[in-house]
Amino acid sequence: MTPEVRLADLVWQPAGADAPTLDLRGVRLHVPAGGLLVVEGRSGAGKTTLLRALAGLLGTLLPGDLRGELTVGGVDLVAAAGRLPGPPVDHLAGLGLLPAGPAPANALPRLLDDAALPLEARRFRRAAMAPAILAAAGRAGLATPLLERGVGDLSGGERIQAAALVALVAGPSLLLADEPFAGLDAGAAAHLRATLLAERATRIIAVHDAGEVGDPSAQVLRIGAPATRVRVAVRDRRPRELPAHGHGDARPVLQAIRIASRARPVSAASFALFPGEPTLLEGATGSGKSTLLALAAGVLPADEGERLVDPHQRIRLAPQDPGLLLGARPAAERLARGERPAAERLARALDVAHLLDVPPGRCSDGERRRLALVVALAASPTILVADEPTAGLDDERAATVARLLDECAAAGAALLVATHDPRLYLQRERRLLHPAETAAPAAAPGSTVRLPAPAAVAVDAAQQLLSPALPRRLLGTANPLTRAGLALFWFALSLLSPTTLVAQGAIALPVLLVAWLSGVELLATLRLAAALAPAIAGLVLANLLGGASGEEAVGAGARLVAFAAGSLVLLRPFEPLRLADAAIEWLRAPFAATMALLATAATIPAMRAEARERRAIRRLSRSAADPLLFVDTFDALVRAVPALAIALEIRGVRIPTRTAPPTRLRPSGFGRADALLVAASAGGLLVSVVRAIADAILAP
Amino acid sequence: MNGTANNDRRTAARRTWSLLDTVTVATVGVACGVLFAGWNLLWGAVSPLFAALLPLQYLLFAGTWVIAGPLAGLVVRRPGAALAGEVVAASVSFLLASQWSVDALFSGAAQGLGAELALLAFGYRRFGVGVALLAGALSGVGMALHDLPLYFAGVDAAFAQALAAAMIASSALVGGLGAHLIERGLRRSGALPPVAA
């Protein structure tokens, strides 16, 4: 049933804050069932907070004090605040929330699994899941092949479309969208706009300009200080200047020839940057603009092609995610000596002067974006690379950003700016459409395409040798629960057996055999061996020096081998998603907690990649070791917690109960492979027992 | 002005974990688990150097392995958080291939239980530096109770006592005090909300 929304005098004060961050005293409104409300406000006005209140997250999942009146379809969300640990389940069932981009808003790494989560939680039949996901992808404007990709590998625009897909997939009756058009190209934005306007749900859309929604009859709520309307430079549709002409004899400060990265699958690009010239990089959502910027700035190493850059250039990058540049400490600490006066001037222009000494965690997204620009510009870079510098900013501030970029170019810097923003227009700009205009190599020395390094080839060959294809194919499909059970079994056996070389060795050998059959990963094994060998040596030696007998000491070492061998069986290949599926299906593991654990563990690869990127961005300005890097990474992880908790919550992981379990997209079963593994282990056990009996007989 | 109402709400909410609590514990656990996996390698690498001075190795390096318990307990402040945090961290280090294999889970449980008992002793009301030190120290007791019989069954009593002392001291300083400093840093940077006094 489509709900109506009633709201009056709503005030929200987060736990620990001195003042309310959303204050709608005197505002009273009613959105009829199936109606549309547009919330308009500038960056930091509280649009996201209001949507979170409507999603039922405030005072429940997010601690704090919610007052006033707010009911959605008869569910009293103010009464729920402070009483429930999350939004009321009745409310969650019909909720779709599209959070503001461009940070990934997924709970599970692969888009298909992430999109299935709301359906599983709401007990859709398995057969109905694929059609629902495909239909929602079409409505979000997302190409179907992207379903197999990781959300973290998608471009900023595609991530918004992915979030829209997840919000739409279960057919919500209340649809909340936070800046859904920021960062999308015109075509993708128009498609999503049409979808949102055609939805039958009650819809609430937050934007910085009500005109974006394009429905003049919609009810509009303006919050925060009214934005001053400054129409800067309506984009003029002149024919593009031809690239690489009209530079006279100016030499490019940076030249890229067919550069690409294996880490992110986008087409190779060629371009040149000239001093004093802003290059505006345009291109469809998902064409790989951010990757190109990272390659240009040198924070992502180019595996292919060549990047020629004049030495002694001061390169600065203002990334799409400002947190990568800022870290956990106040922006002022990111400034080099002598940059403070310039930073203060820039910060005043961008209205963030009071935030220079405040930890970025306490600032809004828009404020952090402006702070990152301040830090990047304060260094007076000779090459400035900026990714969507005006995304989510209102007209006035977008105009200020354009003016500051102009100043930077006028001072002789080469600019490379990726943007979707039709408002952004720079003096003497050159527009470059990616990939159409970056595909042709600029006239320059012949490009090189590197082959895989010989070391990688050798590793592949050894991998083939170590784990034979046939048993690997057969056994690789074993249920992770079987593997976990066997690892525990071998561990217990090792624990129960006497600490002697013979007894522990008898356990280790068959386990190693099983591990080999099930497909050992060479690198992981070598890494384990590298840790294990000295650990065993140290343990044996320490036992001897501590007064243990030789036999006891060697036995303690052998036990470590037996332990580690079990670890191999369980881990190769390690598939957390299948393990979680099996645990939910066969062990009745609680859905919400299992998914929370899985979603967090799934961030490990992203966390490592992000730490690398963070280090590379910071190295642009600081060559010395950066002890705060680890702290910043951990801080960023903790700061990402609410977003992940919200992602899980709005997908509805708290809906299933013990009596009404979730449905599953991926069935978890046991098969031939499991039987074979158990048989192999039973054979190993037999060897152990025979060995023990033989020992007992031979000992006297 | 409405202190009573707020306090009532807080106590009521305290009984159930929200997804925010679950994800926070999981995040602390996973991050520490990755740290532990690296520490396992370091531990392996330095083992031969310290073979003659094993208590010293424990004093210098062992405390890192218990930090997840006190940290999760101080950050989330709910019953069970410390135990869950250390067990998650141990599981992750095990899943990333650890030389201690499944036993990492049992070590983690023993150490996490120590930290949990320290927080329980103060009724989950106090989370200052003293409580953090105690949580670390009790984690060290858990480590000693688990490790000594399993890996050092045959050693002299004096050697075992030296090892236990090193484990407890290291756990209190690195695990307990370290967790306290990290928690304070996180609250100051705004990554965690400040706690109402």
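The structure displayed is predicted, hence computed values, not measured ones.

Participant: Provide a residue-level description of the overall build of chain A, including the pertinent values.
Facilitator: Secondary structure assignment for chain A yields 24 helices and 17 strands. Counting over 700 residues, chain A shows a buried share of 52%. At a minimum sequence separation of 6, the contacts of chain A that also span at least 24 residues come to 78%.

Participant: For the overall build of chain B, give the residues involved together with the corresponding values.
Facilitator: In terms of helices and strands, chain B carries eight helices and zero strands. Sequence-ordered secondary structure for chain B, helices as α and strands as β, is α-α-α-α-α-α-α-α. For a compact globule of 197 residues, the expected C-alpha radius of gyration is about 16 Å, and chain B comes in at 17 Å, within 12% of that figure. Viewed in the frame of its principal axes, chain B has a C-alpha envelope of about 65 × 30 × 25 Å. Within chain B, contacts between residues at least 6 apart in sequence are counted, and of these 75% link residues at least 24 apart.

Participant: An account of the interface of chain A and chain B is requested, with residue identities and associated values reported.
Facilitator: Opposite the 66 residues of chain A that make contact, chain B presents 54 residues. Mapped onto the side of chain A that touches chain B, the elements with two or more residues apiece are helix H15 (480–496), helix H17 (522–545), helix H18 (550–571), helix H20 (591–601), helix H22 (628–639) and helix H23 (641–651) of chain A. When residues in the side of chain A that touches chain B are grouped by element, the largest group, 15 residues, is from H17(A). Looking at the side of chain A that touches chain B residue by residue, the class counts come to 45 nonpolar, 13 polar and eight charged.

Participant: An account of the sheet that holds strand S10 (residues 254–260) of chain A is requested, with residue identities and associated values reported.
Facilitator: Residues and elements named next belong to chain A. Pairing within the open sheet is antiparallel, and its three strands lie in the order S11-S10-S13. At either margin of the open sheet sits one strand with a lone partner, and together these are strand S11 (269–273) and strand S13 (304–309). For this sheet, the mean angle separating the axes of adjacent strands, direction not counted, is 10°. Where S10 lies against S13, five bridges are found, and the strand directions are antiparallel. Among the inter-strand pairings, Leu254 is bridged to a residue of S13, identified as Val309. Here helix H8 (residues 289–297) sits on the sheet and contacts S10, S11 and S13; the angle it forms with S10, its principal contact strand, is near 130°.

Participant: An account of the confidence of the model for chain A is needed here, citing residue identities and associated values.
Facilitator: All names here are of chain A. Per-residue pLDDT for chain A averages 82, and the proportion of residues at 70 or more is 86%. Summarising per-element confidence for chain A, the mean pLDDT is lowest in helix H14 (residues 469–475) (56) and highest in strand S7 (residues 174–178) (96). Within the model, the stretch residues 442–452 combines pLDDT values under 50 with 18 contacts to residues more than four positions away or in other chains.

Participant: Talk me through the packing of helix H2 (residues 19–50) of chain B against helix H5 (residues 81–95) of chain B; I want residue IDs and the actual numbers.
Facilitator: Residues and elements named next belong to chain B. Where H2 contacts H5, the axes come no closer than 7 Å and their chain directions differ by 45°. By the criterion of interaxial angle, the relationship of H2 to H5 is oblique. H5 is crossed by H2, and the crossing has right-handed handedness. Note on element contacts: H5 touches H2 through Ala81, Ala84, Gly85, Val88, Ala89, Ser91, Val92 and Ser93, opposite Val25, Ala26, Val28, Gly29, Val30, Cys32, Gly33, Val34, Phe36, Ala37 and Asn40. Within the contact of H2 with H5, the residues separate by chemical class into 13 nonpolar, six polar and no charged.

Participant: Hey, could you go over the nonpolar core for me, with residue numbers and the actual values?
Facilitator: Leu165(A), Leu176(A), Leu648(A), Leu71(B) and Ala72(B) are the most contacted members of the largest nonpolar core, which totals 207 residues. The residues contacting Leu71(B), other than those within four sequence positions of it, are Val28(B), Cys32(B), Gly85(B), Ala179(B), Ile182(B) and Glu183(B). Ranked by size, the runner-up nonpolar core spans 70 residues in total, among them Leu254(A), Leu295(A), Val375(A) and Ile383(A).

Participant: Help me get a handle on the pairing of S11(A), residues and values and all.
Facilitator: Residues and elements named next belong to chain A. Among the five residues in S11, five count as buried, and that is most of the element. With burial as the criterion, each face of S11 is covered, one bearing Ala269, Phe271 and Leu273 and the other bearing Ser270 and Ala272. Sheet topology places S10 next to S11; four bridges connect them, and they run antiparallel. From the neighbouring strand, Ile259 faces S11, where its bridge partner is Ala269.

Participant: Describe the environment of Thr663(A), naming the residues involved and giving the relevant values.
Facilitator: Residue and element names in this part refer to chain A. Its location among the elements puts Thr663 in the loop between H23 and helix H24 (672–698). Residue Thr663 is classed as partly exposed on the basis of its 17 C-beta neighbours within 10 Å. Expressed as a C-alpha distance, the spacing of Thr663 and Phe563, which sit 100 residues apart in the sequence, is 36 Å.

Participant: Quick one: what's the story with the environment of Gly73(B), residue by residue and with numbers?
Facilitator: All names here are of chain B. With respect to the helices and strands, the residue Gly73 is situated in helix H4 (residues 68–76). For Gly73, a count of 33 C-beta atoms within 10 Å translates into the label buried. Distance from Gly73 to Trp17, taken between C-alpha atoms, is 13 Å for residues 56 residues apart in sequence. The residues touching Gly73, leaving out its near neighbours within four places in the chain, are Ala81, Ala82, Gly85, Ala115, Glu116, Leu119 and Ala135.

Participant: Help me get a handle on the sheet that holds strand S3 (residues 36–40) of chain A, residues and values and all.
Facilitator: Residues and elements named next belong to chain A. Judged by pairing direction, the sheet is parallel, and its five strands sit side by side in the order S6-S7-S8-S3-S9 without closing on themselves. The open sheet terminates on both sides in strands that have one partner only, identified here as strand S6 (95–98) and strand S9 (219–222). Recorded for the sheet is a direction-independent mean angle of 15° between the axes of neighbouring strands. The pairing of S7 with strand S8 (residues 202–207) spans five bridges and is classified as parallel. In the sheet register, Asp178 faces S8, and the bridge partner there is Ala206. The strands that helix H6 (residues 156–169) touches are S6 and S7; relative to S6, the one it contacts most, it runs at about 170°.

Participant: Any chance you could break down the pairing of S6(A) for me, citing the residues and the numbers?
Facilitator: Residue and element names in this part refer to chain A. What you see with S6 is no split at all: Leu95 and Leu97 on one side and Gly96 and Leu98 on the other are buried throughout. Two elements, S6 and S7, share four bridges in a ladder whose sense is parallel. The residue of S7 that forms the bridge with Leu98 is Ala177.

Participant: Can you tell me about the confidence of the model for chain B, naming the residues and giving the values?
Facilitator: Residue and element names in this part refer to chain B. Mean pLDDT over chain B: 86, with 91% of residues reaching 70 or higher. The spread of mean pLDDT over the elements of chain B runs between helix H1 (residues 3–14), the lowest at 42, and H4, the highest at 95. A low-confidence stretch, residues 1–13 stays under pLDDT 50, and its non-local contacts, those more than four residues away or across chains, total four contacts. At the level of chain-chain contacts, confidence expressed as ipTM amounts to 0.89, with global pTM at 0.81.

Participant: Can you lay out H8(A) for me, pointing to particular residues and giving the numbers?
Facilitator: Of all nine residues making up H8(A), nine are buried, and the element is well covered by its neighbours. When H8(A) is considered as a whole, its buried residues turn out to be Lys289(A), Ser290(A), Thr291(A), Leu292(A), Leu293(A), Ala294(A), Leu295(A), Ala296(A) and Ala297(A).

Participant: Let's hear about unusual backbone geometry: which residues, and what values?
Facilitator: We note that Glu388(A) has phi near 50°; this positive angle belongs to a residue other than glycine. Tracing the backbone shows Glu388(A) in the loop between strand S15 (383–387) and helix H12 (395–410). Residue Tyr124(B) is not a glycine yet carries a positive backbone phi of 55°. Its location among the elements puts Tyr124(B) in the loop between helix H6 (103–121) and helix H7 (129–151). On the basis of neighbour count, Tyr124(B) is assigned to the partly exposed category, with 18 C-beta atoms found within 10 Å.

Analysis parameters
Residues numbered from 1 in each chain as written. Chains lettered and ligands numbered in written order. Predicted model: local features only at pLDDT ≥ 70, side-chain atom pairs only at ≥ 80, totals over all residues. Helix = DSSP H or I, 4+ residues; strand = E, 2+ residues; numbered from the N terminus. Buried ≥ 20, exposed ≤ 12 C-beta atoms within 10 Å, placed from the backbone. Contact = placed C-beta atoms within 7 Å. Rg over C-alpha atoms; globule rule 2.2 N^0.38 Å. Nonpolar A, V, L, I, M, F, W, Y, C, P; charged D, E, K, R; others polar. Pairing = 2+ DSSP bridges. Axes fitted to C-alpha atoms, helices over the stretch in contact; angles between N-to-C directions. pLDDT = per-residue confidence, 0-100. Parallel < 35°, antiparallel > 145°, perpendicular 65-115°, else oblique. Left-handed = near helix turned anticlockwise from the far one by under 90°. Core = buried A, V, L, I, M, F, W, Y, C linked by C-beta atoms within 7 Å.

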